[in-house]
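# Structural overview
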Amino acid sequence: MPSHFETVKQESRFLRGGIAEGLADPVTGAISEDDNKLLKFHGSYLQDDRDIRDERRRQKLEPAYAFMVRARLPGGVMTTAQWLAFDKIAGDYASSGLRITTRQTFQWHGIIKRDLKPTIAAIDAAMASTIAACGDVNRNVVCNANPVESQAHEHAYAWAVRLSEHLEPKTRAYHELWLDGEKLVGEEEVEPLYGPTYLPRKFKIGLAIPPLNDIDVFAQDLGLIAIVEEDGRLAGFNVAIGGGMGASHGDPSTYPRLADVIGFVLPEQLLALAETVIAVQRDWGDREERKHARLKYTIDRHGLAAFKAELEQRLGFALQAERAFRFDHNGDRYGWIEGHAGRWHLTLQVESGRLLDNEAHTWLSGMRELAAIHKGDIRLTCNQNLIIANVVAADRAAIDELVARHGMDGYRKHSAIRQHAIACVALPTCGLAMAESERYLPLLLPKLEALLDRHGLIDAPILLRLSGCPNGCSRPYLGEIALIGRAPGRYDLRLGADFRGQRLNQLYRENVDEAALLDVLDQLFARFAGERAAGEHFGDFLLRAAVLSQPRLIPLKVSA
Ligand code: SRM
Ligand code: SF4
């Protein structure tokens, strides 16, 4: 039997439900549970401030409800005018600045009910959107974060935009609800790709350009690996399907999975390919149990070969054999990089993607000042960082001065592990968080740095990922060291992913507190310092030294 939410979608009249009525209700700061689920398709969630949840309950008050809003920003690229508009929205309506997400877009937290419509309307006025930023549809299409390094990067970014637009839901509900668009009266509405019940679950697409796997392409439902010829031409894309991170503690029927590479398509075949992978998932995905509804489970249930055969039969052509590729690393490269056409790009690290003004740094004021003088654009990365892009050489010095004056040049001073750390939002806004993540990272890092320093490893780049629960929003199963929340102050410690995003880590200690975590890591750092081979990464070392068992190799048949 289809899950309750399938019925809610079916009866929602293409994502309208009772959202308008719920928003107009002055008695509560919330909307109904079913409407909240529909609201996700419009790019927003109802949350409550968990820091004060118990206190409000004691005072017999309803929870401190507020909405999170997420923009859809394919490839994470925006103009300076858009930056200023997003910054103004943060000032006018949100409670905690701007938050860069692990899918290279912005979130705003703490928006009260009456401000939700003006917020979404302001995002639209800035020539962006929130439709399909969340929900059972194709989400923000992510793309290599530095898309102007060569012309092939520009083309790959253009494909990210085309995919995003092509796969956008077609319902007029978004315009009706948020932009005062005319109501459809008597006209037949259709969702040609999604149909009235949309997808069984969320769907994510990402484009990577080797040798940089900065988007974690194997964590995507549909990962596309750009194949660039020696002359810089974009030949097409290797296709990887079935990646996903989410799992539930204690439920082995849920698991993180890396995508399988199943072939190669030409650029002109890309839209049909994406649309058809989605259509097969739409028809074959589990609509009874949402926990098992992602594409990764559909593929494992039917078998990769059967899925591929169905895909090719519907496409009417066979995928070509996958082309050779090689990734060097994931994560971002900080500092200035020269792109093509004499333009420069400066990548800055933003801890956990949170942009605020405080004593240590003034990100909001600094970026506001920058947006007023910068002639290029701004890009967000899947590692929660930002790039000041398309700068002419003559403007670099002024930007360097501004960045230093606002304390935004932290990356220069950061230890290697800090440079490679990501944490999901978790408390106080995330309703699913079991432990702290974003707020714990700044407390944990100095302790890890002290250990690494003691063992002479302060310059060793190690991928550190923290998530407040096993849903995996920081892609923790791809961390060389990962902490996954179990309960307040307690985490599962997972170890041993590689530095290229091609191997999942393994559970090493279950449900441990900080003292136990640091003790275990101290011992492993000591061994790493003494026994590591030249250039060897921590995750690889743990396998070679048999601290961890050899994992199932992911299906990367061609990369050496
Ligand atoms: Fe996520 C749910 C935040 C990237 C897997 N994620 C949530 C919610 C909306 C909680 C909820 O459902 O009530 C979190 C809101 C927290 C808050 O207060 O803002 C949340 N996810 C985030 C962000 C903001 C984390 C961050 O620190 O940046 C990321 C927003 C990305 C975006 O712009 O679209 C974010 N989430 C991810 C990723 C990483 C990625 O996509 O590259 C994953 C793992 C990849 C994947 O999808 O498998 C991820 N989020 C989940 C899941 C588990 C899905 C599953 O298949 O089991 C959930 C829970 C769910 O969907 O039921 C979830
Ligand atoms: Fe919330 Fe869990 Fe995602 Fe962290 S990993 S943002 S705690 S759902």
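Refer to the structure printed above.
Residues numbered from 1 in each chain as written. Chains lettered and ligands numbered in written order. Predicted model: local features only at pLDDT ≥ 70, side-chain atom pairs only at ≥ 80, totals over all residues. Heavy atoms only, no water.

### Quick word on the site of ligand 1
- Neighbouring ligand 1 are 28 residues; Thr101, Met245, Thr429, Cys473 and Arg475 lie closest to it.
- Residue Arg201 places a side-chain N or O atom 3.0 Å away from an oxygen atom belonging to ligand 1.
- Contact between ligand 1 and Lys204: an oxygen atom at 2.7 Å from a side-chain N or O atom of the residue.
- Within the residue set of the shell around ligand 1, elements represented by two or more residues are strand 1 (44–48) and strand 5 (106–111). (Near = heavy atom within 4 Å. Polar contact = N/O pair within 3.5 Å; in protein donor to acceptor, adjacent residues only side chain to side chain. Helix = DSSP H or I, 4+ residues; strand = E, 2+ residues; numbered from the N terminus.)

### What to know about the pairing of strand 14 (residues 377–380)
- Burial along strand 14 is two-sided: Asp377 and Arg379 facing one way and Ile378 and Leu380 facing the other are all buried.
- Note that strand 3 (residues 77–78) and strand 14 share two bridges and pair antiparallel. Looking at strand 14, one finds that Met78 is bridged to Ile378.
- In this sheet, strand 15 (residues 386–392) lies alongside strand 14 in antiparallel orientation, the contact comprising four bridges. From the neighbouring strand, Ile378 faces strand 15, where its bridge partner is Ile388.
- Between strand 14 and strand 15, which pair antiparallel one after the other, the connecting turn spans five residues, and Gln384 there sits at a positive phi close to 70 degrees. (Buried < 20%, exposed > 50% of the residue type's maximum accessible area, 1.4 Å probe, protein only. Pairing = 2+ DSSP bridges.)

### Details of helix 16 (residues 514–531)
- If you check helix 16, its first and last C-alpha atoms are 25 Å apart, about what 18 residues at 1.5 Å a residue would give, namely 26 Å.
- Of all the residues in helix 16, the buried ones are Leu517, Leu518, Val520, Leu521, Asp522, Leu524, Phe525 and Phe528.
- Contacts made by the buried residues of helix 16 are with helix 15 (441–454), strand 18 (481–487), strand 19 (490–495), strand 20 (506–512) and helix 17 (538–544). (Expected span 1.5 Å × (residues − 1). Contact = heavy atoms within 4.5 Å.)

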